[in-house]
Amino acid sequence: SPTLKFIIIPKMLSSARASPSALARHMRVPARSLARVKVRQVARGKVRRPASTANLVQDTVSSDLLDRVDTFVLDCDGVLWEGATPIDQSIDALRELERLGKRLFFVTNNSAKSRSAYVEKFATLGFEAKQEQIITSAFVAAQHAASLNLNGSVYVVGGDGIRDELQQAGVEVAQEPPGGLEPACTAEEFVNDLVPDSNIKAVIVGCDSSFTYRKICYASRCIQAGAVFISTNLDAGDMHGGVLMPGAGACVGAICSALGRDEPDVNCGKPSSIMLSVIRDSRGVDLSRAAVVGDRLDTDIMLGVTGDAAVTVLTLSGVATVEDVAQAAADGGVVPTTVVPRLSALAF
């Protein structure tokens, strides 16, 4: 049976009035192929839900897919490992892809660790990776801050990965405000004690496991005083033990809310243009000959679609589910070229 190639479906085609034949013409596939993602047509204003998710997942991929790409741009959490546990056969899958002559790059929105710390994590879990193969949102944020020629320091709300990358980039890291890591902040302290250091020219916010109200207060004051608001990423969270744990997006969102705005000045994580530039320019990746592999539709798959990657692959070993893919197709959202249970389906 024909293989369905997923693409972005414009809203006008995915509306309740769009017929299967119209969708098929747009997607350049036979109309019968759309049986794999049937969209139930309903009255305007009601939620459309996919009737079936059958046949969306491929246990193995064709050799044609591998022939089309020279490089794999891989997410880490939810693709290679979950927490401190390698996902089944992921280590062997990477070795097989390298044996086939594929270049591998590991691109993660996780800003908790520096690239050098990630090299250690890879080794500890049984993977092999060199620092130049690893691109983190902390690294990209630090490189962006350095490119701004701030002539000042950066206040960090996040983990040591951000601080380490800033220092490696030659950017000064600001000290904690008066009161240090105390969680609370009164109105009087906010006005009188949390006066921003005039040397702070930017605030970088990532996932902060010690996030406090006091940090929200100080970050918001720095940004209101003119500091550039930079996020490492906007991910809502990651799956751990089958449940979603809050991520950087929760911290960024809190500070945005405190400022009465919808987003930071700059986002450096997937699927941003800044992240794409680093992948293309500093690592020389031709995305037209690359497969972007990840477990999220809104970051990994969107990165591949935005960058015109040859192939986008969603693994079901992390955040997104097959139901999410079917619903995205029904809603005219971003969907992958291929859906696989786990990374090993690309190699074996």
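Residues numbered from 1 in each chain as written. Predicted model: local features only at pLDDT ≥ 70, side-chain atom pairs only at ≥ 80, totals over all residues. Heavy atoms only, no water.

1. Focus: the packing of helix 8 (residues 213-224) against helix 9 (residues 248-259)
What describes two packed helices is the angle between their axes and the distance between those same axes.
Stage number 1. The geometry of helix 8 relative to helix 9 is characterised by a closest axis approach of 9 Å and an angle of 55 degrees between their N-to-C directions. Considering their axes alone, helix 8 and helix 9 lie oblique with respect to each other. Helix-helix and strand crossings are classified by hand; for helix 8 and helix 9 the assignment is right-handed. Residue-level inspection shows Ile-216, Ala-219, Ser-220, Ile-223 and Gln-224 of helix 8 in contact with helix 9, the latter providing Ala-254, Ile-255, Ala-258 and Leu-259.
Stage number 2. Tallied by class, the residues present in the contact of helix 8 with helix 9 amount to seven nonpolar, two polar and no charged. (Axes fitted to C-alpha atoms, helices over the stretch in contact; angles between N-to-C directions. Helix = DSSP H or I, 4+ residues; strand = E, 2+ residues; numbered from the N terminus. Parallel < 35°, antiparallel > 145°, perpendicular 65-115°, else oblique. Left-handed = near helix turned anticlockwise from the far one by under 90°. Contact = heavy atoms within 4.5 Å. Nonpolar A, V, L, I, M, F, W, Y, C, P; charged D, E, K, R; others polar.)

2. Topic: the packing of helix 5 (residues 137-147) against helix 10 (residues 273-282)
Stage number 1. Relative orientation of the contacting elements helix 5 and helix 10 amounts to 95 degrees, with a least axis distance of 10 Å. Relative to helix 10, helix 5 is oriented roughly perpendicular. On helix 10, the residues touching Ser-137, Phe-139, Val-140 and His-144 of helix 5 are Ile-274, Met-275 and Val-278.
Stage number 2. Of the residues belonging to the contact of helix 5 with helix 10, the class tally is five nonpolar, two polar and no charged.

3. Considerations on the pairing of strand 11 (residues 243-246)
Stage number 1. Where strand 10 (residues 237-240) meets strand 11, four bridges bridge the pair, whose relative direction is antiparallel. Looking at strand 11, one finds that Gly-237 is bridged to Pro-246.
Stage number 2. Hairpin geometry of strand 10 and strand 11 is characterised by an intervening segment of two residues between the two adjacent antiparallel strands and by a positive phi of about 60 degrees at Gly-241. (Pairing = 2+ DSSP bridges.)

4. What to know about the pairing of strand 6 (residues 153-157)
In summary, the side chains of a regular strand alternate between the two faces of the sheet.
Stage number 1. In terms of residue burial, strand 6 counts as a mostly covered element, since five of its five residues are buried.
Stage number 2. The pairing of strand 6 with strand 7 (residues 172-173) spans two bridges and is parallel. The partner of Val-154 across the bridge, within strand 7, is Val-173.
Stage number 3. Running through helix 6 (residues 160-168), the crossover from strand 6 to the neighbouring parallel element strand 7 is right-handed.
Stage number 4. Inspection of the sheet shows strand 6 paired to strand 8 (residues 200-205) by five bridges, in the parallel sense. Bridge pairing in strand 8 links Val-156 to Ile-204. (Buried < 20%, exposed > 50% of the residue type's maximum accessible area, 1.4 Å probe, protein only. Right-handed = clockwise from strand over helix to strand, strands pointing away.)

5. Some remarks on the sheet that holds strand 9 (residues 228-231)
The strands that make up a sheet are held in pairs by hydrogen bonds between backbone atoms, and each pair lies either parallel or antiparallel.
Stage number 1. Spatial ordering of the open sheet is given by 7-6-8-9-12, a layout of five strands whose pairing is parallel. Of all strands in the sheet, those bounded by a partner on one side alone are strand 7 and strand 12 (266-267).
Stage number 2. Helix-sheet contacts for helix 6 involve strand 6, strand 7 and strand 8, and the interaxial angle to strand 6 is about 160 degrees.

6. What to know about helix 6
Stage number 1. Every buried residue of helix 6 is listed here: Gly-161, Ile-162, Arg-163, Glu-165 and Leu-166.
Stage number 2. Lining the buried residues of helix 6 we find helix 4 (115-125), strand 5 (134-136), helix 5, strand 6, strand 7 and strand 8.
Stage number 3. Positive phi appears at Gly-170, one or two residues downstream of helix 6, with a value of about 80 degrees.

7. Overview of the nonpolar core
Stage number 1. Ranked by size, the top nonpolar core spans 32 residues in total, and within it Ile-135, Val-154, Leu-166, Ile-204 and Ile-279 carry the most contacts.
Stage number 2. Taken together, the elements giving at least two residues each to this core come down to strand 4 (103-108), helix 5, strand 6, helix 6, strand 8, helix 10 and strand 13 (290-294).
Stage number 3. Filtering out sequence-adjacent residues up to four positions away, Ile-204 remains in contact with Ala-141, Ala-145, Val-154, Tyr-155, Val-156, Val-157, Ile-162, Leu-166, Ile-230 and Thr-232.
Stage number 4. If you look at the next biggest cluster of nonpolar residues, it comprises 31 residues, including Leu-94, Ile-134, Val-311 and Leu-343. (Core = buried A, V, L, I, M, F, W, Y, C linked by side-chain atoms within 4.5 Å.)

8. Focus: the pattern of salt bridges
Stage number 1. Inspection of every chain in the model, using the stated rule, returns 12 salt bridges.
Stage number 2. Where Glu-96 meets Arg-99, a salt bridge forms, and the shortest distance between an N and an O atom there is 2.8 Å. With a gap of three residues between them, Glu-96 and Arg-99 both fall in helix 3 (residues 90-99), about one helical turn apart.
Stage number 3. Residue Glu-96 is classed as buried on the basis of its relative accessible area, which comes to 18%.
Stage number 4. Assessed through its relative accessible area of 61%, Arg-99 is described here as exposed.
Stage number 5. A salt bridge links Arg-296 to Asp-298, with the nearest nitrogen and oxygen atoms 3.1 Å apart.
Stage number 6. Each of the salt bridges in this network shares a partner with another, and the network as a whole consists of Asp-75, Lys-270 and Asp-300. (Salt bridge = Lys/Arg side-chain N within 4 Å of Asp/Glu carboxyl O.)

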